[in-house]
Structure formats: structure tokens, C-alpha cells
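Take a look at the letters that make up each chain.
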Amino acid sequence: MHVKTGKLSRLHWGAGLAAAVLVLALAVYGPPALKAAAPQDYEALRLYTEALFEISQKYVTPKSEEDMIYGSLRGMMNSLDPDCSFLTPREYQDYLEGKKGPGGEAGVDLIYKDNLLTVASALDGGPAWRAGLRPGDHILKINGQLARNLTTQEGARRFRGAPGTTIKLQVIRNGLVKPLDLSVTLEEPLKAGSVAFQVLPDSCGYVRIKYFTGETPGELTAALKALLSYRPALKGLVLDLRNNARGTLEQAVRSATVLVGEKEIVAVKGRGPESSQTYMGKARGIAVKSPLPPLVVLTDQGTARAAEIMAGALRDQDQAVLLGAKTLGLCGLTKAMPLVDGSALVMTVATCYTPNGAKIQGKGLEPEVAGKPLVAKPGGEKAGPPAPDQDPWVLQAVDLLKSGKARHVAIKGPKQEAP
Amino acid sequence: MGTNMRRNSWIAGTVAVLLSLGLVLTALAQNPAERAALPGDTKLKVFAQAMTLAEENYAEPKTAKDLVYGAIQGAVSTLDAHSAFMNPDEFKELQIETKGQFSGIGIEITLKDQMLIVVSPIEGTPAYRAGIQAGDQIVKINGQTTKGMPLTEAVKMIRGPKGSKVTLTLNREGFAAPKDFAIVREIIPIRSVKGRLVEGGIGYIRVTNFQDQTDSDLSAMLKKMRQRVPFKGLVLDLRNDPGGLLDQAVRVADEFLSSGIVVYTEGRTPQQNMRFYARPGQEGESPPFPMVVLINEGSASASEIVAGALKDQKRALIVGTKSFGKGSVQTIIPLDDGSALRLTTALYFTPSGVTIQDKGIVPDVVVEEKPPPAEKSLQSLRDEALERHMRREGLTDKPWNQPITAPELERDLPLKRAVELLRHWPPPKSLAQNPPA
């Protein structure tokens, strides 16, 4: 969503709420005053100062205190989950002012996880995709520099710049012996719509959501209306949510409404009751009043955030069958919290649960039907993903719909553990 | 026990100077005032505030210690790539690796296709005597199923105090049903030195890493070889040896040198400035037999110290490809709660005053190894290496006194070249700018 608004948190409360939460945060955490800490806090702090002392005394070259402390805060946030980040005073100022960076982007969503900068998703046919980046790739070097000690936010910043800028990458992929050398040229964000659709042979409809924007609910409604007015009537629908890690909670809720109607879409839960909330769809949001044909939703390791909310809601409310690979499991609400020196933490304060109570964050959604193993082609498809009618998992979904067993699988599907 | 691959990745990039415990504690005791004053007031306040915010607001409860571990990890990652933070478990594992022994039953295990299998029992250990074989599948440990058990957890369960018992339930081709093996644990040495003879009185010794026993094992192996055959020369194989203890590197180099400097270090504090000299009277000195050292890009730190000293002192001809280039020394600093820091505290220099950092040791004779096929994945290469090892086909999987055959040499071009050089010693002047004496 940083494409649209330049804000840093990818998935956060609707615009109105965000302000409210921020004010609340300021009321609670600022003006800078410290609460008394518990004994275990002092013990932990003692360990921390011991470590800093040793580094300052013995490390082969002197390090500045600010480097150490800011490095520590990055490390602390990284140890929580990939959506947590640290902002320097300047970065936080930019964040507050909603400053947009330079206009070019690579069309890639990155997360910093297990000390590696990892591709969560790459926009279909976008600059990163065309350069050969794929979900799951680890970025070792950016312009010759090791990608160490970053945060998710910083990783994203390295991939913005003036359109036309070329970034050289060294990438490790899935156990390949040698790193790949790729270069990505930044471009203006795509103006094309976020939803594509077509009718496949065998009377099945195919809808692709590439990423979520404010326009997605409208585009999805139009796509569904077109598909469902098709005659002879479609036997089933394939909704493709693979390789889609971009979007906000609000966009996910409004998009899911199009198919789910007035039912629960997602619940978020944090530490206290005030950080928990249930999001319902609206009756007027629904695209078609008539019953939906059986629905298969495609997911993979690039399915994250808004796409995971939508997949979970469709599975639990519309008996959709998930087919493919486990989703990323990155689905939380973040909040910026200022610190006394003007820097700030971006922290996950609540995480998402599907209507049946399955936790998404850290676990991902496990599809009821595993996608067939894919044969990796050296080089891959440079222009974009394969056409839907040649895509192995789409064809597998069509077979499932043709067999008439999709709903059956959904009802029998494995129960997700409740939180 | 431990596992091959993990051991390698563990020691990777370490020249651990485990002399630090006493030293560090005194340093702490001497400087309470300095210590208190060190973290600037406001910056530490920022940190404390962040910790409290995370404790109270992060979506799931986290302890202050979890947060501080993350923070120390972050602080260390602003340093060089060889500095690291180890939690108590990781620190314990490092101590086992560097001590060169542990208490267990003596098997190497790995996970293959989600199953826990025995890579090999170590000769002479309780597991070996109990008849455990390479390829055995471990179904249960002390009655607990190993399904979904991480490797580290299995290792932990199999290890235990000397004299205590562990029961493994094993499945093997030919068993009608899994069988229980009750085995009493002993102190198991980890071998870092392996050897074979080559036709014509040439010894081949491979050092896999530098730990507490390395020098004495090397010395013993050399002695055995020299007693068995009229000794004409030695190949010391340091390929893919990621290093280990600094003092062991010095001792191994000293094994072949009778005087002169081996290596010196320079750090920020006087304690980190050290010079190490060779002493006369070791097994590998008299008579000074011809010697070739094999290195490649996997030879790092302690390996480079040995290769550098033997090269600079013209004791050995270096054959292979350029070494890794890690010229820094790390000190292990234990922290209060059982965790530890590994910090780069000094740079080291070869006798001729050259730093190895980023440059590596350049061989006198460059011989490339056969590159792996580019399309192969790391996993498939590992699997193949594992299978070979289980069929006992590796160079050092056979008894030391069974000579290396011509077909085996054909598969290892740098070793073949080293043997040829030793057979036609001295090497032509054009090859070595510094012909060894």
C-alpha cells in the first residue's frame, strides 16, 4: 500500500482509525516519561549493558553509541516479526509527514526475516518479476553491499528511487549452489488494474487479484458480475491470490465483502480488549445475490496480509477450497510508537484470525489440497507468470471443480487449530 | 555425536580464542565506574523505553530477556560478519566443538527425508560396539518418537552424562520390527585429524578443524606413519577447514617449524597484541621432509595461519586455490546468564607482516578442483556426499594404513598434483618462487 499513500505500515487500520490510534498512542506513551520497570527488566538491562560494555571495550574498531543502540533496536524489532521495524528520528519524521519517496519502484514486497531480506511477493510482470526475482528469494547483496542488519522498512527503502535507476542484486534461491546476479530497473508504479479475469475452458471462471488497492473491491465486483452473467452458467470459480503480499486490512475486508456479504471476515486480537476487534462484511457490498458456484482459492508462500485475510474468510464463510502451498503467515496490524529521542518503533499490536478462529500470523493457512509439485524451469518466465490456461495449479483447480468435489473437500477439510 | 554439516557450519569463520574467561572477568571487576558511565544516559533511556513498549504492546507476550537477546543480536550485527551473539545453548555447543570431546554414544546423525538416520558410528565408541550401522533409522529415543523432532533436539536427547544409559529404537533393512538398543554413554573424542598413506612413503593428513586435540592427534598420526614407512614427504590437507582455535593453529604450524615467528596479532588493547613463536623439538621437524599444504577457498582463519606460516618460512609448497581470506581473531566473551559474545578483537599477520584479510593465501601452484555442476542444488550435493560417506567411499573413510589408490588420486586433482610434486622433489624453480629448503 505504500505505492498509493507512501505510508510505511502495509496493513493498518482504516484511515480514520489510524489517526485515533496514533493519538491514543501519544496520550499513553508521550510525553516522554518512564514507568518503573520490573526486576526482570533490570536483570535483562544489566545483561544488555554488559554486552555493550564488552563490545565498546574489545571490538577491533571503536563503534559509536548511536550505532550500537539503533542497531540494538533494529535487532529487537526484527526478533519479533517481519512487520516490526525501527525508524530513526528522520525516518519517523518522514513517516509522520506522509512523505513519498522517489516515484520509481521495483514492484516487489520484501520482508526481513531470520536475518535475511526475503522476497514476499513480486508483482506479476513488474520490474522485479521481469528481472527474475521470485517469492522466497533471499537477497544477499544490493549494489555489492551485504544486506545485513536491515529491517523490513529499510529493505523496502532500498528498492525505491528515481524511475530508470538500476539496482544490482545478488540472490540466493532455494538451495542453488551459486548465487544469482540480477539487476532490476525501477519504474513508475503500474497504472493497470489490480484484478484480471477470464473464462477458462470447461466453463470455469478465473479471477486474479495481483495486489490490493482501494480500487480492488470495485474491480472485483465488475469482474464477478461479468463472469456470473456468462452463459452457459459457470461450473466454478478460481480465485488466484498467489504472490500477493500488498494491501491493507480495510482493502481486504471490503474486497472479501464482495463475495462473503454480511458475515464476519476477520478478527484482530492484541494484548488487551481495546486492541481486539471483529470486522464484518456489509450486505450492500456483495456483488451477486445469487448463490456462488463452487470456489477454489489459489495460495502460495507469496500470499500474505490482505490476501491471507481474504483467503481465510472465503474458506470459512463460502466453503472455498484452498489449493496450492501454505501462505506466508504475515498478517498483523502495526502501530508507530515514538521514543524519547524522536526515533520510533513500528510494532505489531494485534494479529488476524479467520472467522473460525484460526490464527494466521506466524502460521499461515494450510491449503486443503496441496498443489502439484512444480518443475522449476531454468530462467523461468521472463514476461510474467504463465497464462492461466497453462498454469499447472489453475488446471488442477479446474479439475477439482469439474469433479464436483470442491465443496465436499471444503467441508471435510482439515480443521485449523483455534488460538 | 553432532552432525557433519552442522559442525562445519558451527565453526565456520571462527578463530575462537577461548582464553577470555579469566581475562574478561577481571576486566569487569576493575572497571565498575567505567562500565556504569559507558552507555550514555539518554540513549540507554531510549532503549529501556523501547523495551517497556514492546513488553506491554507487542501482540504476544515477550519476556524482557527475549527482547534483550534480539537487541544484542542487533548490536552485534552492526559489527563485522565474524562477530556474533550466542544464546546459552549455542554457546554450550561451541564449547563442545572446541573441546574436541563430549559425552554421548558416538554416532553422527542427520535428517534425511524427514527421518532421523545414522550417518556413521564412530569407531571404538559404545554405538560402534553395540552394532549400530550407517543408514540405521532412529525411530525412538528413550521411547519418545522422533517424528517431527528437530535435529538439535535429537542430539540433545542422545547426549548425556558419562555412565548414563540411552535407549534407541532402530529400524534397519532386514529387521522384522524396530529393535531397541540400550547404550551406556562415554566420553567421545571428536576427531579433527584423519590420514592415509600414499604409495612411495608419502603421508596424507587431513585436518577438518582446529580444536583442543588437533595438534596432539596430528603429531600421533605423523609418528605412526613415519614408523610404518620410510617417510618421503607429507601432504597436509587444509581444504574446507574453516579454522578453530588460534593456539591450535600455532601448535600445528610449530609442529613443522623449529624457530621463528608463526603469527602475530594486533588489536585495540595491549592484551590483544600477541606474538607466537615456533619452538624446536616436534615430530614434523627432523629430518625436515618435503611438505605440500593443500588449500582452497574453504580454508579459513586457523588454516590460513598455518598455510601462511609454512609458506613464509619456506617450509612447505602451497598447492590448490586461493584461501578464504579471514585475517581476524575472535574472542569468546561469556556473559552473565550463560550466553556469550564472539567478538572480532584483533587482526593477525603472517611472519612476513602480511594481513590475510580479504586477500587470502595465494598458492605456489594453482590447481583447481572439479567444479560441481551448476544446476545441482546444495541439498543434492550434500545428499550425494552423505551417500558416499555411508558407503565409506571418502578418502578418509578408509583405515589410515590402507594406501590411497591411483583411481582415488584421479578423483582429486589437487591431491594428485601434490603427490606428483613430492615424488619428484624438489619442485622445478619455475613453480615455486620460494623453493622450500
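Residue positions are counted from 1 within each chain, in the order its sequence is given. Chain labels run from A onward and ligand labels from 1 onward, assigned in the order the entries are written. Local features in this predicted model are restricted to residues of pLDDT 70 or higher, and side-chain atom pairs are both shown and tallied only at a pLDDT of 80 or more, whereas totals for entire chains, interfaces and linings draw on every residue.

1. Let's talk about the packing of helix α4 (residues 65-78) of chain A against helix α5 (residues 64-76) of chain B
Between α4(A) and α5(B), the shortest axis-to-axis distance is 6 Å and the interhelical angle comes to 130°. If you check the angle between α4(A) and α5(B), you find them oblique. For α4(A) against α5(B), the interelement crossing comes out right-handed. Listed contacts from α5(B) to Met68(A), Gly71(A), Ser72(A), Leu73(A), Arg74(A), Gly75(A), Met76(A) and Asn78(A) of α4(A) are Leu67(B), Gly70(B), Ala71(B), Gln73(B), Gly74(B) and Ala75(B). Lines are fitted to the C-alpha atoms to define the axes, a helix being fitted only along its stretch in contact, and any angle between axes, read from their N-to-C directions, falls within 0 to 180 degrees. Strands are runs of DSSP state E lasting at least 2 residues, helices are runs of H or I lasting at least 4, and numbering of each runs from the N terminus. In this scheme, roughly parallel covers angles under 35 degrees and roughly antiparallel covers those over 145, while 65 to 115 is roughly perpendicular and the rest are oblique. Note on convention: near helix rotated counterclockwise from far helix by under a right angle means a left-handed crossing. Clockwise means right-handed. Residue pairs qualify as contacts under a 7 Å threshold applied to their C-beta atoms, which are placed from the backbone.

2. What about unusual backbone geometry?
In this structure, Pro232(A) follows Arg231(A) across a cis peptide bond, with omega equal to 0°. Relative to the helices and strands, Pro232(A) is located in the loop between α8 (216-228) and β12 (236-240). At Arg305(A), a residue that is not glycine, the phi angle is positive and equals roughly 55°. Mapping Arg305(A) onto the fold places it in the loop between β15 (295-299) and α10 (306-318). Burial is judged by counting the other C-beta atoms within 10 Å of a residue's own C-beta: 20 or more makes it buried, 12 or fewer makes it exposed, and any count in between marks it as partly exposed, with every C-beta position built from the backbone. Residue class for Arg305(A) comes out buried when judged on the 31 C-beta atoms lying within 10 Å of it. One non-glycine residue, Ser301(B), lies in positive phi territory at about 40°.

3. Focus: the nonpolar core
Val296(A), Ile309(A), Val235(B), Ala253(B), Val292(B) and Val293(B) are the most contacted members of the largest nonpolar core, which has 198 residues in total. The contact partners of Val235(B), leaving out residues within four places of it in the chain, are Ile202(B), Tyr204(B), Val292(B), Leu294(B), Leu415(B), Ala418(B), Val419(B) and Leu422(B). Under the definition applied here, buried Ala, Val, Leu, Ile, Met, Phe, Trp, Tyr and Cys residues are grouped into a nonpolar core through C-beta atoms within 7 Å. Membership of the second largest hydrophobic core comes to 15 residues, among which are Ile105(B), Ile109(B), Ala154(B) and Ile158(B).

4. Here we look at helix α3 (residues 39-58) of chain A
Multiplying 1.5 Å by the helix residue count minus one yields the expected span of that helix. Along its 20 residues, α3(A) runs 29 Å from first to last C-alpha, staying within 8% of the 28 Å computed at 1.5 Å per residue. Among all positions of α3(A), only Asp41(A), Ala44(A), Leu47(A), Tyr48(A), Ala51(A), Leu52(A), Glu54(A), Ile55(A), Gln57(A) and Lys58(A) are buried.

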